[in-house]
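Inside the fold
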Amino acid sequence: MKEALNLIWFKRDLRWQDHAPLKLAIADGLPLLGLFIFEDFNSQDPSWSLRHWQAQYHSLVDMQATNKEAFNGILVLEGDSHEIFSEIAEHCVIKGIYSYQETGEDLSYQRDKKLTKLFTEKGILWKELEQNAVQRGRRNRAAWDENWRNFMSQDLDKPNLPAWQYCRPSVKSHLKSKFGISTLLQKRLKNWPTNFQKIGESAAQFRLEDYLTHKIYRNYGAHIGMPHESRSNCSRLSPFFAWGNLSIRQVYQRSIRELENSPFPRDLRAFISRLHWHSHFVQKFEMEESMEFENLNPAFDSLQKETKPALVQAWQNGQTGYPLIDACMRAVKETGYLNFRMRAVLVSFLCHQLWQNWQEGASFLAQQFLDYIPGIHYPQFQMQSGCTGINTIRIYNPVKQSLEKDPEAKFISEWLPELRELPLAFKHQPWMMTAMEQSFYNFELGRDYPHRIVDIYESGAYARDVLWAFRKSAWVRNENQKILVKHTTAIRDPQQRSKKIMQP
Ligand SMILES: Cc1cc2nc3c(=O)[nH]c(=O)nc-3n(C[C@H](O)[C@H](O)[C@H](O)COP(=O)(O)OP(=O)(O)OC[C@H]3O[C@@H](n4cnc5c(N)ncnc54)[C@H](O)[C@@H]3O)c2cc1C
């Protein structure tokens, strides 16, 4: 006789604590099979890269290490989720599937639609729960902030792990024989470069406690914009959020407790406000998933930008001739991390100074980020590229940013060894060296480090003129109104329709 069971499907929620679907699934009392799938569709996703799978793999390894017993209930598979669920449905009676909702790229949305159809046909209930107060089916932001605060204040969802009822071993061994991860993939996943920060729930808990207990946040406000200092004074929690090693609620509640006696309340409040931003941006993407491909403000579709592959290549390779830009690019490729301001500076350089469409760089940077979250990445990318119409246009001057945010060129020296031996002023602007100075330092511009690929004063002025003129057009302003009504709490129109209303 087929076994009746429930499934708990782990995706970007790789933790034991504060896990609502896991709590509900265990409480239901039926045999429960946990699933994690390295999904085929990811390899077709231009924003996905091996490091994202590695982060998931190491998060799973950590879950196994911290609770071997409970991890016995989880199967780690590789393949197409539709095929895997169909196979399980062949051999078992699936009563329910528990998971968090995923605000992902179009490919994951298409997968979910396909699965919804399958589950409906088979009479399976898919119970998807909200993650981090991001709500599905919203048409505007009415009362969204209140909902966020309520969600964050509720008790954490503690799954009763010892009560987990395992399903029959035969089901697991059958699935493993068909969809178990190949030795080849496992070998690739095991690798975790030493330059990457540790991942997994244990590392996440450790970093959170360390950050708050030792008041590492004390310089948050002063250092958040600085590429070198931010690496230790920002929380570095973003990869843990990306793979769900921590929930926003866990961090919010712990930080609010810390705030009661904090000697640095200003810095801590600034940090806490970012937790709200996190959900805010993901909510925006949830309601406007076309942002992965299209301008939020369609009026910007008519902005003329000619793709110049050589410029994009130089940007991607960290060979633009602007030390701060190149250091940022090389750092993010090596470590998967960059602070907010420097991400914005990189995007501004691509879209303003090199005058390229944001689509030319969005996937590439997503691949580099260990904390890649589509819901933050695409809205931020569009915002920094200056084509939303509703946000201030910020055209960063990479030299000014370099002098202000990396005044001792610590960051530049770390990531551009070819400039390390130069005097400070030339680390920021190597093109200022005379031929005699170059020979004195045994350095040759064009040989040891590239010439600048654009004149930022000319290109910046051009971008400024075009973008500001464009913003004033009636078309842009008209579209702005629609965006504000839908995505802000200030202006509301209940008649607005969300494009993405998807229920199982
Ligand atoms: C072009 C661009 C792309 C980005 N892509 C991503 C991405 O894929 N994933 C991602 O997590 N963040 C992204 N960000 C936002 C931000 O840069 C990172 O969240 C932050 O740098 C992570 O470092 P931290 O954890 O030390 O942040 P902290 O400053 O310590 O902040 C704590 C948390 O608040 C949230 N947060 C902080 N800043 C922002 C922000 N500006 N918008 C939304 N949430 C924020 C993050 O969850 C972060 O972990 C992007 C920013 C830009 C400009």
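In this text, all values refer to a predicted model and were calculated from it rather than measured experimentally. (Residues numbered from 1 in each chain as written. Predicted model: local features only at pLDDT ≥ 70, side-chain atom pairs only at ≥ 80, totals over all residues. Heavy atoms only, no water.)

Concerning the packing of aromatic side chains
- Scanning the model with the defined rule gives 21 aromatic pairs in all.
- Their ring planes at 80° and their centres at 5.2 Å tell us that W148 and Y252 sit as a pair that is edge-to-face. With W148 in helix α6 (residues 144-153) and Y252 in helix α13 (residues 248-259), this pair connects stretches of sequence that are 104 residues apart.
- Accessibility expressed as a relative area gives 14% for Y252, which makes it buried.
- Note on Y217 and F264: the rings are 6.4 Å apart at their centroids and 80° apart in plane angle, and the pair reads as edge-to-face. Linking Y217 in the loop between α9 (201-213) and α10 (220-223) with F264 in the loop between α13 and α14 (265-287), this pair joins segments that are 47 residues apart in sequence. (Phe/Tyr/Trp six-rings, centres within 6.5 Å; stacked < 30°, edge-to-face > 60°. Helix = DSSP H or I, 4+ residues; strand = E, 2+ residues; numbered from the N terminus. Buried < 20%, exposed > 50% of the residue type's maximum accessible area, 1.4 Å probe, protein only.)

Section: the domain arrangement of the protein chain
- Considered domain by domain, the protein chain is made up of domain 1 (3-154 + 175-189), domain 2 (198-287) and domain 3 (291-473).
- Between domain 1 and domain 3, the contact holds eleven residues from the first and 16 residues from the second.
- When the two sides are added together, the surface that domain 1 and domain 3 hide from each other amounts to roughly 1000 Å², 47% of it contributed by carbon and sulfur.
- Across the domain 1-domain 3 interface, the total number found is zero salt bridges.
- Counting across the domain 1 and domain 3 interface gives twelve residue pairs in polar contact (both at pLDDT 80 or more).
- Taken together, the residues of the side of domain 1 that touches domain 3 sort by class into two nonpolar, five polar and four charged. (Domains from an automatic or database assignment. Contact = heavy atoms within 4.5 Å. Buried area = accessible area lost by both parts, 1.4 Å probe. Salt bridge = Lys/Arg side-chain N within 4 Å of Asp/Glu carboxyl O. Polar contact = N/O pair within 3.5 Å; in protein donor to acceptor, adjacent residues only side chain to side chain. Nonpolar A, V, L, I, M, F, W, Y, C, P; charged D, E, K, R; others polar.)

Some details on the site of the ligand
- Neighbouring residues of the ligand: 29 residues in total, closest Y220, S235, R236, H278 and D371.
- Between S238 and the ligand, the recorded distance is 3.0 Å, taken from a backbone N or O atom to an oxygen atom.
- D371 has a polar backbone atom sitting 2.8 Å from a nitrogen atom of the ligand.
- Taking 830 Å² as the accessible area of the ligand by itself, protein coverage stands at 99%.
- Taken together, the elements giving at least two residues each to the shell around the ligand come down to α12 (238-242), α14, α17 (340-353) and α19 (374-384). (Near = heavy atom within 4 Å. Areas by Shrake-Rupley, 256 points an atom, 1.4 Å probe, with all protein chains shown as cover.)

Observations regarding the sheet that holds strand β4 (residues 92-100)
- Taken in spatial order, the five strands line up as β3-β2-β1-β4-β5 in an open sheet, and their pairing is parallel. Looking at strand neighbours, the two that pair on one side only are β3 (74-79) and β5 (125-129), the edges of this open sheet. Strand-to-strand, the axes of this sheet are offset by a mean angle of 25°, without reference to chain direction.
- Where helix α1 (residues 20-28) meets the sheet, it contacts β1 (3-10), β2 (32-39), β4 and β5, and its direction lies at approximately 150° from that of β4.
- Packing of helix α7 (residues 169-179) onto the sheet brings it into contact with β1, β2, β3 and β4, and relative to β3 it is tilted by some 25°. (Pairing = 2+ DSSP bridges. Axes fitted to C-alpha atoms, helices over the stretch in contact; angles between N-to-C directions.)

Section: the nonpolar core
- Ranked by size, the top nonpolar core spans 123 residues in total, and within it W16, F38, W164, F271, W315 and L365 carry the most contacts.
- Ranked by the residues each element gives to this core, the list is headed by α17, at eight residues.
- Those residues within four positions of W16 in sequence are excluded, and the remaining contacts are L22, M63, T66, N67, A70, F71, I74, P159, L161, W164 and E201. (Core = buried A, V, L, I, M, F, W, Y, C linked by side-chain atoms within 4.5 Å.)

Overview of the packing of helix α16 (residues 323-335) against α17
- At a minimum axis separation of 10 Å, α16 and α17 run at an interaxial angle of 115°. Once α16 is placed against α17, the crossing between them reads as left-handed. Across from L324, I325, C328 and M329 in α16, the residues of α17 making contact are M342, V345, L346 and F349.
- Considered class by class, the residues forming the contact of α16 with α17 number eight nonpolar, no polar and no charged. (Left-handed = near helix turned anticlockwise from the far one by under 90°.)

Re the packing of α17 against helix α20 (residues 398-405)
- Relative to each other, α17 and α20 sit at 165°, their axes nearing to 11 Å. Accordingly, the angle class assigned to the pair α17 and α20 is roughly antiparallel. Between α17 and α20 lies a crossing of left-handed hand. Residue-level contacts link R341, M342, V345, F349 and Q353 of α17 to P398, Q401 and K405 of α20.
- Of the residues assigned to the contact of α17 with α20, the class counts are four nonpolar, two polar and two charged. (Parallel < 35°, antiparallel > 145°, perpendicular 65-115°, else oblique.)

Regarding the side chain of D45
- As for its placement among the helices and strands, D45 is situated in the loop between β2 and α2 (50-66).
- Within polar-contact distance, the side chain of D45 engages the backbone nitrogen of S47 at 2.9 Å.
- What D45 contacts, discounting residues up to four positions off in sequence, is E105 and L107.

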